[in-house]
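# Geometric and topological summary
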Amino acid sequence: MCGLAGIVLGRGGNRVNERILLAMREVQRHRGPDQGGMHLADGIGLAHRRLSIIDLGHGQQPMVDEAAGLALIYNGELYNFRSLKAELETLGATFTSHSDTEVLLRAWQHWGTDCLSRLRGMFAFAVWDARAGRIFLVRDHIGIKPLYYGFTRAGDLVFASELKGLMVHPEVDRTVDPQAVEDYMALGYVPDPKSIYKGIFKLPAGHWLSWRAGEPEPAPRQYWDLPFAIDRGISMGDATSELRRLLDDAVSSQMVSDVPLGAFLSGGVDSSAVVSSMSRVAQGPVNTCSIGFDETGYDETVYARQVAELLHTRHFEEHVSARDFDLVDTLAAMYDEPFADSSALPTWRVCQLARKHVTVALSGDGGDENFAGYRRYRMHAWESDLRARMPAGLRKPLFGLLGSVYPKADWAPRPLRAKTTFQGLARDDVEAYFHGVSITSAAMRQRLYSASFKRELQGYGALNVFRDIAGRAPTDHPLLLAQYLDFKTWLPGDILTKVDRASMAHSLEVRVPVLDHVLVEWASSLPPELKLQHGEGKYVFKKMLEPQLPHDVLYRSKMGFRVPLATWFRGTLGTQLQHAFRQGALAESGCFDAAEVDRLVRQHMAGRRDHSATLWSMLMLDSFLRRTQTGMADDVCGTQTREGAARGRRA
């Protein structure tokens, strides 16, 4: 895995500032500690940090072919590079290395953007075409590898693997985007294509863009999307057989490595499936790594151990304290923009453990999104069915009223927590699903925001993100639409971002075979009832695994990679929380109503309500502001808001 950076001058014909380009590269050194390279020519500068995985002695970047007028910087792995190489050799291409980088360069030389339909892997790359004076930026089908881009005040295009690579450029605008703050407060991350800054964007998954000096700012173009072309004729037997073949093929292709390789093993369905497949392919025992907690309700290591023993892996395990929250500021630095998935903490720890033993690790990420494994899919399908049975004219006022008067009961058994269900039944499918995945409700966000910040938003709400995506979706089936929305938001914005930054912080490459785009395309074609049947998510996936894994691994209650946030905030972390909200950068930003924030904190500390997800998101926002020392008051909320916040604190 690698880190890349580049500058394309807006006026062309001059030399880029080598010192700035070097800074953009070196701030990402953790992504590629083995080698660094740079290519400078008129109007262009490309820089690269390499983590050597395949053909360790060759494949240095930038890779330049002067005769073809091409230069390439690339982050990722092509799993089908050998078959592509053989095809290119029949077309007359010659190779001087065994690296996938050279295969990608030759593929681009022969097919241009048409090569994208042939690539199978995870990647983000930039190709400079000197003859056309044009840069091309490309991101993989699913969004496994990141790529940020934007324009400086002077009109130069800048891009990098991580946001920090752009922030060291002195001409990059650091104005915080109020809409991105609203998206973040709703979802816990800033969804593509936005970043936390107004002028910086993430290239969306399955897209490419092209630009040359003098042209308007480019619009990304899509080259791949989830088809959801349902195969109604497939049987359960045929589905499990084909799924086994596709998974084994993806795992086998992703085990190609010239450095030590292993896997994460949580003891859940997805990671166990990947390790089971690896064990059938590997010549010897598979290296597996697990992180456990000293608090029983959050510890899955007993199941990981069970699978490791069954599959005869070489298993490594460490336990950390359930009070392991000393990484808050580390996470803010690692993610560059506010990021509120608290499972980033154990993810950071398991990557730290894995890097002690391997350089490449396979992960089970993607199983829930592919095969409807989350509980929210079951609830959404059930609610959608109820909505379809009642006329909207009756349903909306009836359940809207019930949702408003029914008490919120976080403490009650789940069947008695009906308020959220009533509210969901009063909405349409898209709004209901958005509400279900939001960590802070729209009503609470409106109470939390200051009057000036609400004026800055000008009526914008994060629901717009889901509305826009749903409008482009290839399906209107409620379950499939929810999956599509997750593939466009949650998966690249949260899950893959979390794993990429946590792994790259330790110079560890993580591969995700369950998100092989060929497997993903096929999974999208499955009838909904093969994914979710009788309330059982991942139905076909589990049926496929029954001959390989124990029943209690496949059908136990899902735990997830959780941390005890609610307990933390009622203990030691509560002091840090109160300081941040009363005197810290978050308070000084003026974006929030101080009295309402204080009410939330007091309710949570007293145990009357569980506001842990919202409080964690605000704490991470405070950490982001402190680290960047970016005053949101001037950039987003206005000086009047800061004064209003001060009055609120005095009150």
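To keep things clear, this report deals only with the structure shown in the data block. This structure is a prediction, so every number in the text was calculated from the model and none was measured. (Residues numbered from 1 in each chain as written. Predicted model: local features only at pLDDT ≥ 70, side-chain atom pairs only at ≥ 80, totals over all residues. Heavy atoms only, no water.)

### Looking at the layout of surface pockets
- As a volume, the second largest pocket reaches approximately 400 Å³.
- Around the second largest pocket, the lining comprises 19 residues; the ones closest to its centre are Asp192, Pro193, Pro204, Ile469 and Arg472.
- Put simply, the parts of the chain that give the lining of the second largest pocket at least two residues each are α18 (463-472) and α19 (478-488).
- Split into classes, the residues belonging to the lining of the second largest pocket amount to 10 nonpolar, three polar and six charged. (1 Å grid on protein atoms, 1.4 Å probe; cavity = no way out; pocket = protein on both sides within 12 Å on 5 of 7 lines; lining within 4 Å. Points joined across faces, edges and corners; volume = space filled by probe spheres on them. Helix = DSSP H or I, 4+ residues; strand = E, 2+ residues; numbered from the N terminus. Nonpolar A, V, L, I, M, F, W, Y, C, P; charged D, E, K, R; others polar.)

### Focus on the sheet that holds strand β1 (residues 2-8)
- If you walk across this open sheet you meet the six strands as β2-β3-β1-β9-β8-β10, and the pairing is antiparallel. A single partner strand is all that each edge strand has here, and the edge strands are β2 (35-41) and β10 (200-202). Adjacent strand axes in the sheet meet at a mean angle of 15°, parallel and antiparallel pairs treated alike.
- By the bridge criterion, four bridges tie β1 to strand β9 (residues 157-160) in an arrangement that is antiparallel. Within the sheet, the bridge partner assigned to Ala5 lies in β9 and is Ala160. (Pairing = 2+ DSSP bridges. Axes fitted to C-alpha atoms, helices over the stretch in contact; angles between N-to-C directions.)

### Re the side chain of Ser99
- By the element assignment, Ser99 lies in the loop between α2 (81-90) and α3 (100-111).
- Relative accessible area serves as the criterion here: at 2%, Ser99 is assigned to the buried category.
- A distance of 3.0 Å separates a polar atom in the side chain of Ser99 from a polar atom in the side chain of Ser97.
- Separated by 3.3 Å, the side chain of Ser99 and the backbone nitrogen of Glu102 make a polar contact. (Buried < 20%, exposed > 50% of the residue type's maximum accessible area, 1.4 Å probe, protein only. Polar contact = N/O pair within 3.5 Å; in protein donor to acceptor, adjacent residues only side chain to side chain.)

### Concerning the packing of aromatic side chains
- For the coordinates displayed, the defined rule picks out 18 aromatic pairs.
- For the ring pair Tyr335 and Phe339, a centre distance of 4.3 Å and an interplane angle of 15° mean the geometry is stacked.
- Look at Tyr335 and you get buried, because its relative accessible area is 3%.
- By relative accessible area, Phe339 is classed as buried at 5%.
- Ring plane angle 50° and centroid distance 6.0 Å describe the contact between Tyr449 and Phe592, whose orientation is recorded as tilted. (Phe/Tyr/Trp six-rings, centres within 6.5 Å; stacked < 30°, edge-to-face > 60°.)

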